[in-house]
Amino acid sequence: MGKRNSSDCGACDHDKYARNHNHDDDDSHEHGHSHGDGDFNVKKEVAPVAVVIALFALGLVYEKPLHNTPFSIGEYLVFIPAYLLSGWTVLTSAGRNILKGRVFDENFLMTVATLGAIAIHQLPEAVAVMLFYKVGELFQEFAVGRSRRSIKSLLEIRPDSANLKVNGEVKTVSPEAVQIGDTILVKPGEKIPLDGEILEGNSQVDTSALTGESVPRTVQIGEPVLAGMINQSGVLTVKVTKLFGESSIAKILDLVENASSKKAEAEKFITRFARYYTPIVVFVSLAVALLPPLFIPGATHNEWVYRALILLVISCPCGLVISIPLGYFGGVGGAAKRGILVKGATFLDALTAVQSVVFDKTGTLTKGVFKVTEVIPKNGLSEAELLTLAAKLESQSNHPVAKSIRDAYGKPINNSDVQDYEEIAGHGIRALVQNQVAIAGNDRFLHRENIDHDVCNVEGTVVHLAVDGRYAGRIIIADELKEDAAEAIRSLKNLGVEQTVMLTGDNRAVAAGVARSLGLDSYIADLLPEGKVDAIEKLLRQARKGKRIVFVGDGINDAPVIARADVGMAMGGIGSDAAIETADVVIMTDAPSKVSEAIHISKKTNRIVWQNIILAMIVKGIFIILGAFGVATLWEAVFADVGVALLAIFNAGRVWR
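Residues numbered from 1 in each chain as written. Predicted model: local features only at pLDDT ≥ 70, side-chain atom pairs only at ≥ 80, totals over all residues. Heavy atoms only, no water.

Peer 1: What am I meant to see in the overall build of the chain here?
Peer 2: A count of helical and extended segments in the chain gives 20 helices and 22 strands. Within the span of the chain, comprising 657 residues, buried residues form 54% of the whole. Sequence separation of at least 24 residues holds for 69% of the intrachain contacts in the chain that already meet a minimum separation of 6. As displayed, the chain offers around 28500 Å² of accessible surface, 55% of which is attributable to carbon and sulfur atoms. (Helix = DSSP H or I, 4+ residues; strand = E, 2+ residues; numbered from the N terminus. Buried < 20%, exposed > 50% of the residue type's maximum accessible area, 1.4 Å probe, protein only. Contact = heavy atoms within 4.5 Å. Areas by Shrake-Rupley, 256 points an atom, 1.4 Å probe, with all protein chains shown as cover.)

As structure tokens, then:
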């Protein structure tokens, strides 16, 4: 029935807003190697390199004695197999891309440079280019594999099988084969394969794969359990409530596997940069090879072709092409290991420029675990009568407030005399109880129904009740702040966030108390769900150019606001479907302090990515100048290119830690 907290006297209507995310994903840069799923087979990858190194060493030993003799064909018999073995992937990728109309990429540069070296009888250099490039690729494969494994550690929660109970017998089946309503058996040490409700047994479950938290959780009959949890002690009989494809774990798997599709600005920049950079390099190299011999006395074609080849090798953007996505992938993986699911590199980028962080109150800064603290009857009712009336009205609601009232009542609820039940969003409940019109809800509801009452501002969450238009009393319910809420606000300030704001449907007295306790900069109270969208719209209009507004909510009632913010974060808990689907970032631990941790990871990732870009540009620029003036050799060009790539990869690796 929505967040039905007490309000100031009077309420106003608000327009409704909606927004769809538009993710402008440039075409990804096609690289010579497909990195697969991140598995790195050492024997398969290293064996060809070892053979090439052996042939290369043999060729170097006999190259000089054979070079200027009739037996120089021996050089080709050794170096050409080594060249093909080390460079086959590059050569075939260049050929495929040319056929597709994508001529200018790093594979094309490597192919032209090495074939040119062979043409001018510089065979060792040609093999060295491919060999060291291959070695660099091995490090890249290893780094990408490591980065993917940092995310796949999260995906290990995918269960392989389920113990299905059919007519008293247990058989092992695939989780996809289990239907809603089926019963499964989960033994100690096994992963829970599907979302469900416990029918028999009690146990402790490890939720760390879903939340990042290592503290086990106790579960018993009637409680929900989620796919991916690990049963630690007792045997559980579970009734399945969702198909595997609809389970929380399936949604998380899909989220993480598709995170790389949303590219950050730095990735888009490099993709665009390579489209212009590579053809320029090719034509400049062509000019270096052809023009000096025409205009400089004594210049030879061999010398300037050699310099042009050096220029081509140095100019290869392979280090940038792999290290930048790798840096962002590492950022997404590092966040996932800490229970923060980021739906793509674009959101990591956005979190580096946060101006304001806006929090929902209930379930975000507070625990959302409500407890009745006071029952205040009016107009002749007793406390017991008021609580009984409230329990009947709240008997069909899933709201935490309703649950707290039912818990306080503590007896089976006979709602046979409750008819015409109606939930009114942002206000409360109306129903016929014993043929009398009864309502339960917030202060705003009383004003809408023109019901006289003695108080508007009450500190705490309040449910007001009325029967046949006459005020019957109120029930006061308390909510607790989360342990790390104050620390979360302090951390955000330390990270340079300018403004922290709280939006709530509660009254001003409650909101002011929470804001004061946590050190928030401001708050807006008495809000309907659409009023929160208005508040976010206003903050977005006030934000400086290039700055971002983050909204953190519980992912269910706050879905429209999460969608409207520049970055929507949801307290996903352990399985809030709305959170996983709507938000850009999902905090699986429900801890507000994870908001600052996500911003910290994003800033570190962004810093490392731009370090790689600047490093590569400077080193390549220096060696291009040296190569053009004949100071750098083809050997040095190879080391410069591979060295820059490796430095960038190792630097990107820092984000995983």
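The rest of the description comes next.
Peer 1: Can you walk me through the packing of aromatic side chains in this structure?
Peer 2: Pairs of aromatic rings are described using the distance from one ring centre to the other and the angle between the two planes. For the structure shown, the criterion picks out one aromatic pair. With a centroid separation of 6.4 Å and an interplanar angle of 65 degrees, the aromatic rings of Phe 56 and Phe 79 are classed as edge-to-face. A residue pair is termed long-range when its members are at least 10 positions apart, and Phe 56 in helix H1 (residues 42-67) and Phe 79 in helix H2 (residues 73-99) qualify at 23 residues. Across this residue pair, the class does not change: Phe 56 and Phe 79 are buried. Over the ring of Trp 304 we find Arg 307, and its NZ or CZ is 4.1 Å from the ring centre. (Phe/Tyr/Trp six-rings, centres within 6.5 Å; stacked < 30°, edge-to-face > 60°. Lys NZ or Arg CZ within 6 Å of the ring centre and 35° of its normal.)

Peer 1: Help me understand helix H15 (residues 508-518), please; the structure alone is not making it clear to me.
Peer 2: Because an α-helix packs 3.6 residues into every turn, residues spaced three or four apart end up facing the same way. Residues Val 510, Ala 511, Ala 512, Gly 513, Val 514, Ala 515 and Leu 518 constitute the buried set of H15. Backbone geometry just after H15 places Gly 519 at a positive phi near 80 degrees.

Peer 1: What is the right way to read unusual backbone geometry from this model?
Peer 2: The phi angle at Asp 420 is positive, at roughly 50 degrees, despite the residue not being glycine. The exposure class of Asp 420 is exposed, given its relative accessible area of 58%. A positive phi angle, near 50 degrees, is found at Gln 434, a position not held by glycine. Note that Gln 434 resides in the loop between strand E14 (428-433) and strand E15 (436-441).

Peer 1: What exactly am I supposed to notice about a nonpolar patch on the surface here?
Peer 2: Residues Phe 104, Phe 283, Leu 286, Leu 290, Leu 291, Leu 294, Phe 295 and Ile 296 make up a contiguous nonpolar surface patch of about 820 Å² in total accessible area. Mapped onto the fold, Leu 286 is located in helix H7 (residues 265-295). By relative accessible area, Leu 286 is classed as partly exposed at 46%. (Patch = residues over 30% accessible without salt bridge, like charges linked within 9 Å, V, L, I, M, F, W, Y side chains within 5 Å. Salt bridge = Lys/Arg side-chain N within 4 Å of Asp/Glu carboxyl O.)

Peer 1: Sorry if this is basic, but what is going on with the side chain of Thr 111 here?
Peer 2: Its place among the elements puts Thr 111 in helix H3 (residues 106-119). Excluding its chain neighbours within four sequence positions, the residues that come into contact with Thr 111 are Tyr 83, Val 90, Leu 91 and Ala 94.

Peer 1: Please explain the UniProt feature "transmembrane region" (unreviewed entry) in the chain as it appears in this structure.
Peer 2: Cross-referencing UniProt, the feature "transmembrane region" (unreviewed entry) maps to residues 46-62, 74-96, 276-296, 308-329, 613-632 and 638-656 in the present numbering. Along residues 46-62 the backbone is 100% helical and 0% strand, and the end-to-end C-alpha distance reaches 25 Å. Helix makes up 95% of residues 276-296 and strand 0%, whereas the separation of the span's terminal C-alpha atoms amounts to 29 Å. (UniProt positions renumbered as here; feature names shortened; annotations may be inferred.)

Peer 1: How do you make sense of the pairing of strand E9 (residues 236-240) when you look at a structure like this?
Peer 2: Regular strands have side chains that alternate between both faces of the sheet. Of all five residues in E9, four are buried; the element is thus mostly enclosed. The pairing of strand E3 (residues 183-186) with E9 spans four bridges and is classified as antiparallel. Across the sheet, the residue bridging to Thr 183 is Lys 239, located in E9. (Pairing = 2+ DSSP bridges.)

Peer 1: Help me out: how do you make sense of the environment of Ala 128 in this one?
Peer 2: With respect to the helices and strands, Ala 128 occurs in helix H4 (residues 123-155). Ala 128 sits 76 residues away from Val 52 along the chain, and the two C-alpha atoms are 9.8 Å apart. Sequence-distant contacts of Ala 128, defined by excluding residues within four places in its chain, comprise Phe 56, Tyr 133, Trp 635 and Val 638.

Peer 1: Help me understand the sheet that holds E9, please; the structure alone is not making it clear to me.
Peer 2: Strand pairing in a sheet relies on backbone hydrogen bonds. The paired strands run either parallel or antiparallel. Reading across the sheet, the six strands line up as E2-E1-E3-E9-E4-E7 and stay open at both edges, with antiparallel pairing between neighbours. The open sheet terminates on both sides in strands that have one partner only, identified here as strand E2 (169-173) and strand E7 (224-225). The pairing of strand E4 (residues 196-200) with E7 spans two bridges and is antiparallel. Looking at the pairing, Glu 197 lines up with Pro 224 of E7.

Peer 1: Looking at this structure, I do not really get the side chain of His 464. What am I missing?
Peer 2: As for its placement among the helices and strands, His 464 is situated in strand E16 (residues 461-467). Relative accessible area serves as the criterion here: at 1%, His 464 is assigned to the buried category. There is a polar contact of 2.9 Å between the side chain of His 464 and the side chain of Tyr 471. (Polar contact = N/O pair within 3.5 Å; in protein donor to acceptor, adjacent residues only side chain to side chain.)

Peer 1: Before we go on, may I ask you to explain the packing of helix H11 (residues 383-393) against helix H12 (residues 400-409) in this structure?
Peer 2: The description of two helices packed together rests on the angle between their axes and the distance between the axes. It is the contact of H11 with H12, at a shortest axis distance of 9 Å, that shows an interaxial angle of 135 degrees. On the basis of their axis angle, the class for H11 and H12 is oblique. H12 is crossed by H11, and the crossing has left-handed handedness. Contacts between H11 and H12 involve Leu 387, Thr 388, Ala 390 and Ala 391 from the first element and Ile 405, Ala 408 and Tyr 409 from the second. (Axes fitted to C-alpha atoms, helices over the stretch in contact; angles between N-to-C directions. Parallel < 35°, antiparallel > 145°, perpendicular 65-115°, else oblique. Left-handed = near helix turned anticlockwise from the far one by under 90°.)

Peer 1: What should I look at first to understand the pattern of salt bridges in this one?
Peer 2: Pairing between side chains becomes possible if they bear opposite charge and their charged atoms approach one another. On inspection of all chains with the given rule, the structure shows 15 salt bridges. Asp 360 serves as the salt-bridge partner of Lys 532, at 2.9 Å between the closest nitrogen and oxygen. One end of the pair, Lys 532, is in helix H16 (residues 529-542); the other, Asp 360, is in strand E11 (residues 354-360), and 172 residues separate them in sequence. As far as burial versus exposure is concerned, Lys 532 and Asp 360 are alike and both buried. Between Glu 597 and Lys 594 there is a salt bridge whose closest N-O contact spans 3.4 Å. Pair noted here: Glu 597 and Lys 594 are both in helix H19 (residues 593-628), with a separation of three residues, about one helical turn. Judged by its relative accessible area of 25%, Glu 597 is partly exposed.

Peer 1: Explain the pairing of E15 to me, please; I cannot follow it from the model alone.
Peer 2: Inspection of the sheet shows E14 paired to E15 by six bridges, in the antiparallel sense. Following the sheet pairing, Leu 432 is matched in E15 by Val 437. What sits between the antiparallel neighbours E14 and E15 is a turn of two residues, in which Gln 434 has the positive phi angle 50 degrees. Relative to E16, E15 is paired through four bridges, and the arrangement is antiparallel.

Peer 1: Help me understand the sheet that holds strand E21 (residues 567-571), please; the structure alone is not making it clear to me.
Peer 2: One open sheet holds the seven strands; their spatial order is E10-E22-E21-E20-E11-E18-E19, and the pairing between them is mixed. Edge positions in the sheet fall to strand E10 (340-342) and strand E19 (522-524), since each of these pairs with one other strand and no more. Strand-to-strand twist in this sheet, taken as the mean axis angle between neighbours without regard to direction, amounts to 20 degrees. Of the pairings in the sheet, the one linking strand E20 (residues 548-553) to E21 comprises four bridges and is parallel in character. Pairing of Val 550 across the sheet is with Val 567, part of E21. Lying over the sheet, helix H14 (residues 485-494) contacts E11 and strand E18 (499-503), oriented at roughly 145 degrees with respect to E18. Set on the sheet, H15 makes contact with E18 and E19; between it and E19 the angle comes to about 155 degrees.

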